[in-house]
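# Architecture at a glance
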Amino acid sequence: MIAASLMRRRSRILVALLAIVVGATVLSGLVTIYVDVPRQMGAEFRNYGANMIFLPAGGDQPYTTQTVSEALAMIGEERLVGAAPYRYEIMQIHEQPIETAGTDMAGAMRTSPYWYVNGSWPDESGEMLAGREIAELLALSVGDTVTMVYKSEEDTADARGVVESPEMEMTVTGIMESGGSEEGYVYISMEDMVALCGQEGRLDVTELSVSGERDALIRLSEEIAAAQPGIAPRLVKRVTESEATVLTKLQALVLLVTSVVLILTMICVATTMTAVVTERRREIGLRKALGASDKGVAAEFMGEGFILGAAGGLIGVVLGFLFAQAVSMQVFSASITFQLWLVPLTVFASVLVTGLASFWPVKSASKVDAALVLKGE
Amino acid sequence: MSLLELKNVSKIYGTLRALDHVNMRVEAGEWVSIMGPSGSGKSTMMNIIGCLDKASEGEVLLDGTLICAETADRLTEIRRDKIGLIFQQFHLIQYLTAVENVMVAQYYHSMPDEKEALEALARVGLKDRAHHLPSQMSGGEQQRVCVARALINYPKILLADEPTGNLDEANERIVVELFKKLHEEGTTLIIVTHDPEVAEVAQRTVVLRDGRLVKETVNENFTGVMKHRKVE
Ligand SMILES: Nc1ncnc2c1ncn2[C@@H]1O[C@H](COP(=O)(O)OP(=O)(O)OP(=O)(O)O)[C@@H](O)[C@H]1O
Ligand SMILES: [Mg+2]
């Protein structure tokens, strides 16, 4: 009977429900975005490259591929976008001393996403990536093969008096432009570096791209420093600080929009509820004439308001998620995670708003003088 | 003791005496008509008897209870338990069907009981209209739903304020016949009407003017049946 009577009043009910649904949608949608913005922006920010660097702490504490990979394990795959270890040696190419970096190409690709590579990244032994300056200096182009020689004081002359230095044929697979000092290097794989220079495990610096807010990163680097005394983690201040500023501003903006929309919705729900209740004054009078008490009338109307609020809240959660998803796809081209705790929050909020919005109209309606209303107009 | 007794009842609106020292008794099972020009205080009196309003002065005794001394909540209870109301403007809930409208009265009184509600509709000849909305019924049918609703809780006293005011002659006749049935079953009826032909069916007619009870006639040859109108 109640369901049927709600069905027959659907046009009126729908108006009220619509107002609540719109409010709940906007609320849950914006809260979802608000919560997800740091994660989304974090991924976005990682396009600007490394935000953490591992330097050797100095002293006799070990700073090796071993200790670094232990530190990386502490960060975890979740947060670690990429890590690139670097070892620098001077090599001879065409009799010229060239600064050469041994690294992990896949890691470098992630920590330096802004490098523009003409050709392709090396992915095999015997391949190298040349910085633009070096390529110009040596007149290298993609596909050229050069001999890379490593000369050190330890090199000893053999029986015939010839100094045998380790060397390797290297093919240029790509030429890299970054607009910075990185262009003055040649990049080879860490394995080739070890093959040429020995001293497996030696490292000079490690660049990392870690997702997370500044405070979390600070905590993380403190933990690493404590666990690995040989490693001195440093945050790239310029990057992390500006990330934090942008994030704070963005969240403040979303929060502001959320509150404004919420207030507007509240007004909208309140006026709709007032209209619904006012429209039913005559019915209220009749119900009172039939023996309904003031309390009974108020309870009935409030109950209906609560049901509407809960239903609107539930619909709003779903629509809000779709809304947030659409926004996220548009702005960040990434999907959003559904926040389960938003369901009780949104339902509670819309029941509360509907309750508050209905309270005064219902209260005045329950005071309706049956005799006056029923006299008819 | 009479079922209803008004002693020196007045209702004052500002300077206006809508009811002016009215004295009246109604015995249990009696059928009384109230007549009078517009503004003479008929509805005011009905509202006071129906516990929708309170008298400014005087005493109203209903079934042994001095209702002018009761609180609003108690008045609601008395109305629910003892009084059936019928209005000129049907006053049905528009989004409820006939049977649901009857069940609303049951709901506030005790428990909704669809079977009983359908029986009440059958009594007023609306068995096959039970699941229609008010908008799908004629005025006469709507007023019969109101009669069914008013009698569903077996009220001691049925108050009808111009129940046939919005009806054509045929429907007027049907409603008056329903009143006769109720009267035969022992229900006390107080009917306000402008229509002398409806009024004269009752056992007694009371006339109000300017809030005063000015005339009272007893129908000597009471039958409870409406006379046929002269064809003009
Ligand atoms: N709430 C009110 N406030 C002020 N005056 C009122 C109120 N209700 C009724 N009156 C006045 O009291 C007088 C009696 O009104 P009442 O409604 O009882 O008349 P009535 O006999 O039912 O008339 P009608 O036949 O037109 O229905 C009228 O003059 C009316 O203007
Ligand atoms: Mg009247």
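Structure's up top.
Anyway, here's the lowdown on the structure attached to this text. (Residues numbered from 1 in each chain as written. Chains lettered and ligands numbered in written order. Predicted model: local features only at pLDDT ≥ 70, side-chain atom pairs only at ≥ 80, totals over all residues. Heavy atoms only, no water.)

With that settled, consider the overall build of chain B. Within chain B one finds seven helices and 10 strands. Across the 232 residues in chain B, those meeting the buried criterion constitute 56%. Counting contacts in chain B only where the partners sit at least 6 residues apart, residues at least 24 apart contribute 70% of the total. In the form shown here, chain B has an accessible surface area of approximately 10300 Å², with 49% of it arising from carbon and sulfur atoms. (Helix = DSSP H or I, 4+ residues; strand = E, 2+ residues; numbered from the N terminus. Buried < 20%, exposed > 50% of the residue type's maximum accessible area, 1.4 Å probe, protein only. Contact = heavy atoms within 4.5 Å. Areas by Shrake-Rupley, 256 points an atom, 1.4 Å probe, with all protein chains shown as cover.)

Right, let's talk about the overall build of chain A for a bit. The number of helices and strands found in chain A is 12 helices and 10 strands. For chain A, the residues scored as buried account for 46% of the 377 residues in total. Partitioning the intrachain contacts of chain A with sequence separation of at least 6 by distance along the chain shows that 80% fall at a separation of at least 24. Summing over all exposed atoms, chain A offers an accessible surface of approximately 18900 Å²; the carbon and sulfur share of this is 61%.

Let us now look at the pattern of salt bridges. For side chains of opposite charge, pairing can occur when their charged atoms come near one another. Residues and elements named next belong to chain B. All chains considered together, the criterion is met by 29 salt bridges over all chains. Residues Glu-169 and Arg-173 are paired through a salt bridge, measuring 3.1 Å at the closest nitrogen-oxygen approach. On the criterion of helical spacing, the pair formed by Glu-169 and Arg-173 is a turn pair, its members being four residues apart in helix α6 (residues 169–184). In this structure Glu-169 comes out as partly exposed when scored by relative accessible area, which is 36%. The exposure class assigned to Arg-173 is buried, which follows from its relative accessible area of 16%. For Lys-180, the salt bridge goes to Glu-184, with nearest N and O atoms at 2.7 Å. (Salt bridge = Lys/Arg side-chain N within 4 Å of Asp/Glu carboxyl O.)

The next thing to look at is the interface of chain A and chain B. Every contact between the two is made by 24 residues of chain A and, on the other side, 22 residues of chain B. Buried surface at the junction of chain A and chain B, both sides included, amounts to about 2100 Å², of which 61% is carbon and sulfur. Our count for the chain A to chain B interface comes out at zero salt bridges. Our enumeration of links across chain A and chain B arrives at eight residue pairs in polar contact (both at pLDDT 80 or more). The set of elements that each furnish at least two residues to the side of chain A that touches chain B consists of α1 (2–8), α9 (281–289) and α12 (370–374) of chain A. Of all the elements, α9 of chain A adds the most residues to the side of chain A that touches chain B, at six residues. (Buried area = accessible area lost by both parts, 1.4 Å probe. Polar contact = N/O pair within 3.5 Å; in protein donor to acceptor, adjacent residues only side chain to side chain.)

We now examine a nonpolar patch on the surface. Together, Leu-256, Val-260, Ile-263, Leu-264 and Ile-267 of chain A make up a nonpolar patch on the protein surface, roughly 490 Å² of accessible area in all. Positionally, Ile-267 of chain A belongs in helix α8 (residues 237–279). (Patch = residues over 30% accessible without salt bridge, like charges linked within 9 Å, V, L, I, M, F, W, Y side chains within 5 Å.)

Moving on: helix α2 (residues 72–82) of chain B. For α2 of chain B, every residue scored as buried is listed here: Leu-75, Thr-76, Ile-78, Arg-79 and Lys-82 of chain B. One face of α2 of chain B carries all of its buried residues, which in axial projection span an arc of 165°. Buried positions along α2 of chain B lie against α9 of chain A together with β4 (57–62), β5 (65–66), β6 (83–86) and β7 (157–161) of chain B. (Arc of directions from axis to C-beta.)

A few words on the site of ligand 1. Around ligand 1, a shell composed of 15 residues is seen, among which Lys-375 of chain A together with Ser-38, Lys-42, Ser-43 and Thr-44 of chain B lie nearest. Two or more chains meet at ligand 1, and those chains are chains A and B. A distance of 3.5 Å is found between a nitrogen atom of ligand 1 and a side-chain nitrogen or oxygen belonging to Tyr-13 of chain B. In this structure the site holding ligand 1 corresponds to the second largest pocket. At the level of elements, β2 (16–26) and α1 (42–49) of chain B are the ones that each hand at least two residues to the shell around ligand 1. A class-by-class count of the residues in the shell around ligand 1 yields five nonpolar, seven polar and three charged. (Near = heavy atom within 4 Å. 1 Å grid on protein atoms, 1.4 Å probe; cavity = no way out; pocket = protein on both sides within 12 Å on 5 of 7 lines; lining within 4 Å. Sits in = over half its atoms within 2 Å of the grid points. Nonpolar A, V, L, I, M, F, W, Y, C, P; charged D, E, K, R; others polar.)

Attention now goes to the sheet that holds strand β1 (residues 4–13) of chain B. All names here are of chain B. On the basis of which strands lie adjacent, the open sheet formed by four strands has the order β2-β1-β4-β5 and antiparallel pairing. Looking at strand neighbours, the two that pair on one side only are β2 and β5, the edges of this open sheet. Both β1 and β2 contribute to a ladder of seven bridges, which runs antiparallel. Bridging across to β2, Leu-6 finds its partner in Met-24. (Pairing = 2+ DSSP bridges.)

Residue and element names in this part refer to chain A. As enumerated under the stated definition, the model contains nine aromatic pairs over all chains in all. Seen from their ring centres, Tyr-86 and Tyr-88 are 6.1 Å apart, and the 5° between their planes marks the pair as stacked. Accessibility expressed as a relative area gives 2% for Tyr-86, which makes it buried. With a relative accessible area of 29%, Tyr-88 lands in the partly exposed category. (Phe/Tyr/Trp six-rings, centres within 6.5 Å; stacked < 30°, edge-to-face > 60°.)

Glancing now at the layout of surface pockets. There is about 450 Å³ of room inside the second largest pocket. Along the walls of the second largest pocket sit 29 residues, with Lys-375 of chain A together with Lys-42, Ser-43, Thr-44 and Asp-161 of chain B positioned nearest its centre. Among the secondary structure elements, those contributing two or more residues to the lining of the second largest pocket are α12 of chain A together with β2, α1, β6 and β7 of chain B. With five residues, the top contributor of residues to the lining of the second largest pocket is α1 of chain B. (Points joined across faces, edges and corners; volume = space filled by probe spheres on them.)

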